[in-house]
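A look at the structure
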Amino acid sequence: MNGKKLAGEKAADFVEDGMTVGLGTGSTVYFTIKKIGERIQNGLCITGIPTSEATKELAAACHIPMVALNDADHIDLTIDGADEIDPGLNGIKGGGGALLFEKLVAKASGRNIWVADESKLVKKLGAFPLPVEVIPFGYKMVMKELERKGLQSTLRLKDGRPYETDSKHYILDIKAGNAGDIQALGAWLDSISGIVEHGLFLGIADMAVIGHEQHVSILKKEPLC
Ligand code: 5RP
């Protein structure tokens, strides 16, 4: 837990007065949001864009002024968690089920910072089940299509019933460990009818703040030559 707290709180330092800030979802960015709330009490002036109902509630409790994505004309910076991060700062997200709103906000954002503890760093993406958000109508057809591609998936459940996202979609968790070319997998998932979004966030993060037991480290995306 310490690594999450250290990373989450450190990332709040990158928020500057006047910014519109995408607020991610999860137990690491929780600490960022709390810290931003403290800074607001001390005069910081920002507008937040929440990526889930849970984050909206938390940000409201921290007195962070918010607008909905549809009412924002730009986003300066988004800070969010991740489930896996590879050395190129590609990641898997959606363990908390907020991947659709998270990706929309991240793609609209000028800069993206991920916060995570060191356990999230991997050499290669895919050990963590890849979340895929699907419409409930015909989700079994999507599962069959995935299976034809050699991808086993599991319908995410909560209290014995299908887990529902904030958009009332379902989530399939895919075993993607042996999927090979992850860029190609992302493009293929984008092409399947019934899939609303998937948790491969490729080329989106600019920086990751990683929390270790006693310190944080900063990873930056290599500039393209
Ligand atoms: C939610 C996410 C989270 O950012 C991700 O699951 C990491 O969460 P945590 O910081 O709790 O480990 O993608 O959809």
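Residues numbered from 1 in each chain as written. Predicted model: local features only at pLDDT ≥ 70, side-chain atom pairs only at ≥ 80, totals over all residues. Heavy atoms only, no water.

Comments concerning the overall build of the chain
- When you go through the chain residue by residue, the secondary structure sums to six helices and 15 strands.
- Relative to the globule expectation of 17 Å for 225 residues, the C-alpha radius of gyration of the chain, 17 Å, shows essentially globular dimensions.
- For the chain, the spread of C-alpha atoms along the principal axes amounts to about 55 × 35 × 35 Å.
- Taken across its 225 residues, the chain has 49% of its residues classed as buried.
- Pairs at least 24 residues apart make up 73% of the contacts formed inside the chain by residues separated by at least 6 positions.
- Of the roughly 11,200 Å² of accessible surface on the chain, a fraction of 52% belongs to carbon and sulfur atoms.
- Charge centroids of the chain, computed over 25 positive and 30 negative side chains, lie 4 Å from each other. (Helix = DSSP H or I, 4+ residues; strand = E, 2+ residues; numbered from the N terminus. Rg over C-alpha atoms; globule rule 2.2 N^0.38 Å. Buried < 20%, exposed > 50% of the residue type's maximum accessible area, 1.4 Å probe, protein only. Contact = heavy atoms within 4.5 Å. Areas by Shrake-Rupley, 256 points an atom, 1.4 Å probe, with all protein chains shown as cover. Lys, Arg positive; Asp, Glu negative; His and termini not counted. Charge placed at Lys NZ, Arg CZ, Asp CG, Glu CD.)

Looking at the sheet that holds strand S5 (residues 91-92)
- Taken together, three strands build an open sheet; the order of strands is S4-S5-S13 and the sheet is antiparallel. In this open sheet, the two strands that pair with only one neighbour each are strand S4 (84-85) and strand S13 (200-201).
- By the bridge criterion, two bridges tie S4 to S5 in an arrangement that is antiparallel. Bridging across to S5, isoleucine 85 finds its partner in glycine 91. (Pairing = 2+ DSSP bridges.)

Digging into the site of the ligand
- Within the structure, the ligand sits among 18 residues, and Ser27, Thr28, Asp83, Gly94 and Lys120 are positioned closest to it.
- Aspartate 83 places a polar side-chain atom, nitrogen or oxygen, 2.6 Å from an oxygen atom of the ligand.
- Relative to its free-state accessible area of 380 Å², the ligand is covered by the protein chains to the extent of 92%.
- Across the shell around the ligand, the residue classes tally to three nonpolar, nine polar and six charged. (Near = heavy atom within 4 Å. Polar contact = N/O pair within 3.5 Å; in protein donor to acceptor, adjacent residues only side chain to side chain. Nonpolar A, V, L, I, M, F, W, Y, C, P; charged D, E, K, R; others polar.)

Regarding the sheet that holds strand S11 (residues 170-174)
- Read from one edge of the open sheet, four strands run S8-S11-S7-S12, paired in antiparallel fashion. Taken across any chain shown, the strands that pair with only one partner, and hence form the sheet edges, are strand S8 (153-155) and strand S12 (195-198). Neighbouring strand axes in the sheet, compared pairwise and without regard to direction, differ in orientation by 30 degrees on average.
- Pairing between strand S7 (residues 130-134) and S12: three bridges, direction antiparallel. In the strand pairing of S12, glutamate 133 is matched with glutamate 197. (Axes fitted to C-alpha atoms, helices over the stretch in contact; angles between N-to-C directions.)

Focus: the packing of aromatic side chains
- The full count for this structure, using the stated rule, is two aromatic pairs.
- Each ring, one from tyrosine 30 and one from phenylalanine 31, has its centre 5.1 Å from the other, and the planes form 85 degrees; the classification is edge-to-face.
- Given a relative accessible area of 32%, tyrosine 30 falls into the partly exposed group.
- Their ring planes at 75 degrees and their centres at 5.3 Å tell us that tyrosine 139 and tyrosine 170 sit as a pair that is edge-to-face. On the criterion of sequence distance, the pair formed by tyrosine 139 in helix H5 (residues 139-148) and tyrosine 170 in strand S11 is long-range, its members being 31 residues apart. Residue tyrosine 139 shares its accessibility class with tyrosine 170, and that shared class is buried. (Phe/Tyr/Trp six-rings, centres within 6.5 Å; stacked < 30°, edge-to-face > 60°.)

Remarks on the nonpolar core
- Residues Val15, Ile33, Ile36, Ile46, Ile64 and Ile79 are the most contacted members of the largest nonpolar core, which totals 23 residues.
- Residue assignment for this core shows that the elements contributing at least two residues are helix H1 (2-11), strand S1 (20-23), helix H2 (29-41), helix H3 (53-61), strand S3 (75-81), strand S6 (109-117) and strand S14 (207-211).
- Considering each element in turn, this core owes the most residues, four residues, to H2.
- Apart from the residues lying within four places of it in its own chain, the contact partners of isoleucine 33 are Leu23, Gly24, Thr55, Leu58, Ala59, Cys62 and Ile64.
- Judged by nonpolar contacts, the second largest core, of 22 residues, contains Ile92, Val134, Ile182 and Leu189. (Core = buried A, V, L, I, M, F, W, Y, C linked by side-chain atoms within 4.5 Å.)

Some remarks on the domain arrangement of the chain
- Each assigned domain of the chain is listed here: domain 1 (3-123 + 202-220) and domain 2 (130-198).
- With centres defined by C-alpha atoms, the gap from domain 1 to domain 2 works out at 24 Å.
- Taking both sides of the interface into account, the surface hidden between domain 1 and domain 2 amounts to around 1,200 Å²; carbon and sulfur atoms contribute 62%.
- In this assembly, domain 1 and domain 2 are joined by six residue pairs in polar contact (both at pLDDT 80 or more). (Domains from an automatic or database assignment. Buried area = accessible area lost by both parts, 1.4 Å probe.)

Some points on the environment of arginine 111
- Inspection of the secondary structure puts arginine 111 in strand S6.
- Using a relative accessible area of 31% as the deciding quantity, one classes arginine 111 as partly exposed.
- Linking arginine 111 and aspartate 76, residues 35 residues apart in sequence, is a C-alpha distance of 6.3 Å.
- Leave out the neighbours within four places in its chain, and arginine 111 touches Phe14, Asp76, Leu77, Thr78, Asp206 and Met207.

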